[in-house]
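Observations on the three-dimensional arrangement
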Amino acid sequence: MRACKKDLTHNPIAAILEQAGFTVIDTSWSQGRLLDMIIYKRYGDVWFIEAKTGNKKLTDSEVLFVARHADRCVTLKSEADAIAWCAGRK
């Protein structure tokens, strides 16, 4: 099994999500079977978050996961993306 590799944006995005009140479950270890994070607020919706750096593309496994759960998947590429996405969830 290959080592878990996180994008450079992963930890800063997770921190912003936590500051916005989300519980963040890191699933980056799943190697594409899930996206990087599962997030939720108590009694709220559950979201699957993929953190990407720059113009990196989704892997084939990630594309398949998004296709199956498109209405709950979000790709965030920067801290600014995370802040803007959280602002729309209040």
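Residues numbered from 1 in each chain as written. Predicted model: local features only at pLDDT ≥ 70, side-chain atom pairs only at ≥ 80, totals over all residues. Heavy atoms only, no water.

**Side note on the overall build of the protein**
Tallying secondary structure elements over the protein gives three helices and four strands in all. For the protein, the sequential pattern of α-helices and β-strands runs α-β-β-β-α-β-α. For 90 residues, the compact-globule formula gives about 12 Å, and the C-alpha radius of gyration of the protein, at 12 Å, lands near that figure. Once the C-alpha set of the protein is aligned to its principal axes, its extents read approximately 35 × 25 × 20 Å. Only carbon and sulfur atoms are counted for the fraction: they give 54% of the accessible area of the protein, which is about 5,700 Å². On the protein, the mean spot of the 14 positive side-chain charges and the mean spot of the 11 negative ones are 1 Å from each other. (Helix = DSSP H or I, 4+ residues; strand = E, 2+ residues; numbered from the N terminus. Rg over C-alpha atoms; globule rule 2.2 N^0.38 Å. Areas by Shrake-Rupley, 256 points an atom, 1.4 Å probe, with all protein chains shown as cover. Lys, Arg positive; Asp, Glu negative; His and termini not counted. Charge placed at Lys NZ, Arg CZ, Asp CG, Glu CD.)

**Quick look at the nonpolar core**
What tends to happen in soluble globular proteins is that the nonpolar side chains get buried as a cluster. The biggest cluster of nonpolar side chains holds 16 residues, and the ones touching the most others in it are Leu-17, Met-37, Ile-39, Ile-49 and Trp-85. For this core, the secondary structure elements donating two or more residues are α1 (10-19), β2 (37-40), β3 (46-51), β4 (73-76) and α3 (79-87). At four residues, α1 tops the list of elements feeding residues into this core. Setting aside its immediate chain neighbours within four residues, Met-37 contacts His-10, Ile-13, Ala-14, Leu-17, Val-24, Ile-25, Thr-27, Trp-47, Phe-48, Ile-49 and Ala-51. Counting five residues, the second largest nonpolar core, distinct from the first, contains Leu-35, Phe-48, Phe-65 and Cys-73. (Core = buried A, V, L, I, M, F, W, Y, C linked by side-chain atoms within 4.5 Å. Buried < 20%, exposed > 50% of the residue type's maximum accessible area, 1.4 Å probe, protein only. Contact = heavy atoms within 4.5 Å.)

**Here's the deal with the pairing of β3**
Most of β3 is tucked away: five of the six residues are buried. Here β2 pairs with β3 via four bridges, running antiparallel. Across the sheet, Ile-38 pairs through a bridge with Phe-48, a residue of β3. As paired elements, β3 and β4 share four bridges and run parallel to each other. Pairing of Glu-50 across the sheet is with Thr-75, part of β4. For the crossover from β3 across helix α2 (residues 60-68) to β4, the handedness is right-handed. (Pairing = 2+ DSSP bridges. Right-handed = clockwise from strand over helix to strand, strands pointing away.)

**Regarding the sheet that holds strand β1 (residues 23-26)**
With respect to topology, four strands assemble into an open sheet ordered β1-β2-β3-β4, the strand pairing being mixed. The open sheet has two edge strands, β1 and β4, and neither has a second partner. Pairwise comparison of adjacent strand axes, ignoring direction, gives a mean angle of 30° for this sheet. Against the sheet, α3 contacts β2, β3 and β4, and its axis sits at roughly 145° relative to β4. (Axes fitted to C-alpha atoms, helices over the stretch in contact; angles between N-to-C directions.)

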